[in-house]
Amino acid sequence: MPPIGDLVIPIIEAKRHDLIRSDHALDDLVKLIPTPGHTIDHYAVTLGRSGRDAVITGDLIHTPLQAKWPDLAMRIDYDPLQGIATRRKFLETYCDTETQCCFAHFPSPSRGYIKRWGDGFRCEYITG
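Residues numbered from 1 in each chain as written. Predicted model: local features only at pLDDT ≥ 70, side-chain atom pairs only at ≥ 80, totals over all residues. Heavy atoms only, no water.

For the chain, the helix and strand inventory stands at three helices and seven strands. For the C-alpha atoms alone, the extent of the chain along its principal axes is close to 50 × 35 × 30 Å. The burial tally for the chain puts 34% of its 128 residues in the buried class. Look at the contacts in the chain between residues 6 or more apart in sequence, and 38% of them connect residues 24 or more apart. Put simply, the chain shows about 8,300 Å² of open surface, and 57% of that area lies on carbon and sulfur atoms. Placing the 15 positive and 17 negative side-chain charges of the chain at their respective mean positions leaves the two points 3 Å apart. (Helix = DSSP H or I, 4+ residues; strand = E, 2+ residues; numbered from the N terminus. Buried < 20%, exposed > 50% of the residue type's maximum accessible area, 1.4 Å probe, protein only. Contact = heavy atoms within 4.5 Å. Areas by Shrake-Rupley, 256 points an atom, 1.4 Å probe, with all protein chains shown as cover. Lys, Arg positive; Asp, Glu negative; His and termini not counted. Charge placed at Lys NZ, Arg CZ, Asp CG, Glu CD.)

Here's what the structure looks like:
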């Protein structure tokens, strides 16, 4: 894979980019929500009317263990305390809702609904 600069710089030079900073709606169906902690300026992507149909987590959670124990940080987190706070807020927000969560780093099946599990959370997976 080429270096990221080789992929990004031509887009910027062609003025085919948009710089975003905070909550950003691409349109009425796709919205970015800030999820800092693991990586700088990280976002999750919500899909559907009001962003409640589905959400793609990206790097905010890497393993089902971090759902059960949201305070479990990754050693490579940019800001571990912020990552923990972001993960806990995300899990609380989507727990027991009809929003389908697509966990970018979970093993397959990697989509489902967040449910409470003791002091933590779990994913009720959707198969098929």
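Turning to the sheet that holds strand 1 (residues 24-25), a few remarks are in order. Pairing between the strands of a sheet comes from backbone hydrogen bonds, and it takes one of two forms, parallel or antiparallel. Pairing is mixed in the open sheet, where seven strands are placed in the order 1-2-3-4-5-6-7. With partners counted over all chains shown, the strands left at the sheet margins are strand 1 and strand 7 (120-125), one partner each. For strand 3 (residues 43-47) and strand 4 (residues 54-56), the ladder comprises three bridges, and the chain directions are antiparallel. Following the sheet pairing, Thr 46 is matched in strand 4 by Val 55. Sheet contacts for helix 3 (residues 80-94): strand 2 (30-34), strand 3, strand 4, strand 5 (100-102), strand 6 (111-117) and strand 7; angle to strand 6, the most-contacted strand, approximately 100°. (Pairing = 2+ DSSP bridges. Axes fitted to C-alpha atoms, helices over the stretch in contact; angles between N-to-C directions.)

On to the pairing of strand 3, then. The pairing of strand 2 with strand 3 spans five bridges and is classified as antiparallel. In the strand pairing of strand 3, Ile 33 is matched with Ala 44.

Let us look at a nonpolar patch on the surface. Together, Ile 4, Leu 7, Val 8, Ile 9 and Ile 12 make up an exposed nonpolar region whose accessible area comes to about 430 Å². Position of Ile 9 relative to the elements: it lies in helix 1 (residues 4-13). In this structure Ile 9 comes out as partly exposed when scored by relative accessible area, which is 42%. (Patch = residues over 30% accessible without salt bridge, like charges linked within 9 Å, V, L, I, M, F, W, Y side chains within 5 Å. Salt bridge = Lys/Arg side-chain N within 4 Å of Asp/Glu carboxyl O.)

Here we come to the pattern of salt bridges. Oppositely charged side chains are able to pair whenever their charged atoms sit close together. According to the stated counting rule, one finds four salt bridges in the structure shown. The shortest N-O distance in the salt bridge between Asp 28 and Arg 49 comes to 2.4 Å. You can see Asp 28 sitting in the loop between strand 1 and strand 2 and its partner Arg 49 sitting in the loop between strand 3 and strand 4, a full 21 residues away along the chain. With respect to burial, Asp 28 and Arg 49 carry one shared label: exposed. We note a salt bridge from Glu 124 to Arg 122, for which the minimum N-O separation is 4.0 Å. Classification of Arg 122 by relative accessible area gives partly exposed; the value is 33%.

By size, the foremost hydrophobic cluster in this structure holds 16 residues, and its most contacted members are Ile 61, Phe 90, Tyr 94, Cys 101, Phe 103 and Ile 114. Listing elements by their share of this core, those giving two or more residues are helix 3 and strand 7. Excluding its chain neighbours within four sequence positions, the residues that come into contact with Cys 101 are Val 55, Phe 90, Tyr 94, Ser 110, Arg 111, Gly 112 and Ile 114. (Core = buried A, V, L, I, M, F, W, Y, C linked by side-chain atoms within 4.5 Å.)

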